[in-house]
Amino acid sequence: MPHQAIDVVEANRHGQQLFIADLFRQKRPTPPPTPVAGPPGHFPVAHRQLALFDLDRDYTAVRPTELALPLPELAIAIEDVLTDHARRHGWGTGLQSMTRHAIRMLLATQDTPGAPIAASVAAAVTTGRSLDNLKSVLEILAAAGMLDDDRRPTLDIYAERQFADLPEPMADEVREWFRAMRDGSTTPPRSRPRNPATIRSRITHAAPAVRTWATSNGYSSLREVDRDDVIAVMPAEAYRYRQTLTALRALFRFLKARRLVFTNPTLRLRGPQAGNHPLPIDLTPVRDAMLSTKPVRAALATLIAFHALRPKDVCALLLTDLRDGRLYLDGRTILLADPVRASLSAWLAERARRWPHTINPYLFINLHTAVRTCRVDPTWISTTIGFSAQAIREDRILHEAITTGDVRRLSDLFGLTIGGAERYTHTHQPATTD
């Protein structure tokens, strides 16, 4: 009981006492976490102020510093978001300044102060400036919860442009095909959404044929197309022939399943069997790239020339995939050649010098991705090397096939399937002697 004499021996009979009697206190509650910087809770506002006149604004006529901000507290909150984002992503002072000025102009010219800012308006403000500035502005507005992304997907714009002048029945047919590829379909024929690159390829190769049927043949619907019409529009080049036939097969197969056409005119059509063999290339531009004084160009060219990596795999390489002189890629361990190690070492030193504060986890970055966490594009790799990266890869595999003719070796070295490896060994059959 409290305030009574304590028998020390009895108190320690079951163990040592680890606290002082009569001094019990409840544990203090854990303090709430510090709130993350962002706009005040009442932003963005829900109401909208209608404009009396819709006028095109000339954002180049004024300076951002000359504009008064109707909601200073919102500007301060977004400034805190910008400062934090720039610090974490290693933005330079120039990019911060351009982004800050663009956001200030957007806040000062809002029809409804405090409402989400449309991406299309941000694009108008940054017109004439670098594309990087628009991306940066949208990133800050999204992080602050103040972005209304009203942009149309580029794939939709591309598809609409390709089929813009078609007669209405035919346009409806190809639009339904496009929507099924883009969104998938829950009605027969059921399908999942396709990869955007696949959709673009299908549209690119099908559009010329569809436009020809509409303009030259005068057709208003794809129901009028027969087998002879398909054969007449097929390109002469083997590669384009196969791609066009694949796209038209997909188009008419879909329309036939939806009962939008009576027959499928691409049935039993066969593409050319030859012309898809890898060929050697002139290695002079590749050697020039490998000896380039630009570390990133030399590293990319050397890595692909020695180890025949796919361009998309090079884009996806992380810094952590490179260690102990080895590259760890999709379950494979690639022991790097000495020239590759040297060129990658030079690139890593250049990367650290140019972007010491970047948090981008990928091995290869450029001016646009260094201030973000996205990967580079395969097109950038070929542009940087000055030669097709895929052609370099195929030449390296072909050289190995000519030297060894071993399908298993090609599969292990370059991550090919057996069929893919045989494509190279069949291109060049080594001579045999009796």
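Since the structure is predicted, the reported quantities are computational estimates derived from the model, not experimental observations.

Trainee: Can you lay out the overall build of the chain for me, pointing to particular residues and giving the numbers?
Mentor: Regarding its fold elements, the chain presents 18 helices and five strands. Burial statistics for the chain: of 434 residues in total, 38% are counted as buried. The contacts in the chain between residues at least 6 apart in sequence include a share of 64% that link residues at least 24 apart. Taken as a whole, the chain presents about 26,200 Å² of accessible surface, with 54% of it coming from carbon and sulfur.

Trainee: Can you explain the sheet that holds strand S4 (residues 326-329)? Please cite residues and give values.
Mentor: Pairing in this open sheet of three strands is antiparallel, and the strands run S3-S4-S5 from one edge to the other. Taken across any chain shown, the strands that pair with only one partner, and hence form the sheet edges, are strand S3 (322-323) and strand S5 (332-335). One ladder, built from four bridges, connects S4 with S5; its direction is antiparallel. Across the sheet, Arg326 pairs through a bridge with Leu335, a residue of S5.

Trainee: Which residues make up helix H2 (residues 72-89), and what values go with them?
Mentor: For H2, which comprises 18 residues, the first-to-last C-alpha distance of 26 Å matches the rise-based estimate of 26 Å (1.5 Å per residue) to within 8%. Along H2, the positions that sit buried rather than exposed are Leu74, Ala75, Ala77, Ile78, Val81, Leu82, His85, Ala86 and His89. Taken around the axis of H2, the buried residues stretch over an arc of 170°, which confines them to a single face. Counted as exposed and oriented over 90 degrees from the buried face of H2: Ile76 and Arg87. Gly90 lies just past H2 and shows a positive phi near 70°.

Trainee: Can you break down helix H14 (residues 338-354) residue by residue, with the values?
Mentor: Given a rise of 1.5 Å per residue, 17 residues ought to cover 24 Å, and the 25 Å separating the end C-alpha atoms of H14 matches this to within 8%. Inspection of H14 places Val340, Ser343, Leu344, Trp347, Glu350 and Arg351 among the buried residues, and these make up the whole buried set. Taken end-on, H14 shows its buried residues confined to a sector of 120°, consistent with a single buried face. The outward face of H14, more than 90 degrees from its buried face, is lined by the exposed residues Asp338, Ala349 and Arg353. Packed against the buried residues of H14 are helix H12 (295-307) and S3.

Trainee: Would you mind going over the packing of H2 against helix H3 (residues 93-108) in detail, with residue names and values included?
Mentor: At a minimum axis distance of 11 Å, the contact between H2 and H3 shows a crossing angle of 155°. One way to sum up the angle between H2 and H3 is to call them roughly antiparallel. In the crossing of H2 with H3, the sense of the turn from one axis to the other is right-handed. Facing H2, whose interface residues are Leu74, Ala75, Ile78, Glu79, Leu82 and Ala86, H3 presents Gln96, Thr99, Arg100, Ile103 and Leu107.

Trainee: I'd love a proper account of the packing of aromatic side chains, names of residues and values included.
Mentor: Centre distance and the angle of the planes are the two values used to describe a pair of aromatic rings. Applying the stated criterion across every chain, the model contains two aromatic pairs. Seen from their ring centres, Trp347 and Phe364 are 5.9 Å apart, and the 15° between their planes marks the pair as stacked. Placement of Trp347 in helix H14 and of Phe364 in the loop between H14 and helix H15 (378-385) is noted, with a sequence separation of 17 residues between them. The pair formed by Trp347 and Phe364 is uniform in burial state, with each residue classed as buried. One Lys or Arg, Arg423, reaches over the ring of Tyr424 and ends 5.3 Å from the middle of that ring.

Reading guide: rules and limits
Residues numbered from 1 in each chain as written. Predicted model: local features only at pLDDT ≥ 70, side-chain atom pairs only at ≥ 80, totals over all residues. Heavy atoms only, no water. Helix = DSSP H or I, 4+ residues; strand = E, 2+ residues; numbered from the N terminus. Buried < 20%, exposed > 50% of the residue type's maximum accessible area, 1.4 Å probe, protein only. Contact = heavy atoms within 4.5 Å. Areas by Shrake-Rupley, 256 points an atom, 1.4 Å probe, with all protein chains shown as cover. Pairing = 2+ DSSP bridges. Expected span 1.5 Å × (residues − 1). Arc of directions from axis to C-beta. Axes fitted to C-alpha atoms, helices over the stretch in contact; angles between N-to-C directions. Parallel < 35°, antiparallel > 145°, perpendicular 65-115°, else oblique. Left-handed = near helix turned anticlockwise from the far one by under 90°. Phe/Tyr/Trp six-rings, centres within 6.5 Å; stacked < 30°, edge-to-face > 60°. Lys NZ or Arg CZ within 6 Å of the ring centre and 35° of its normal.

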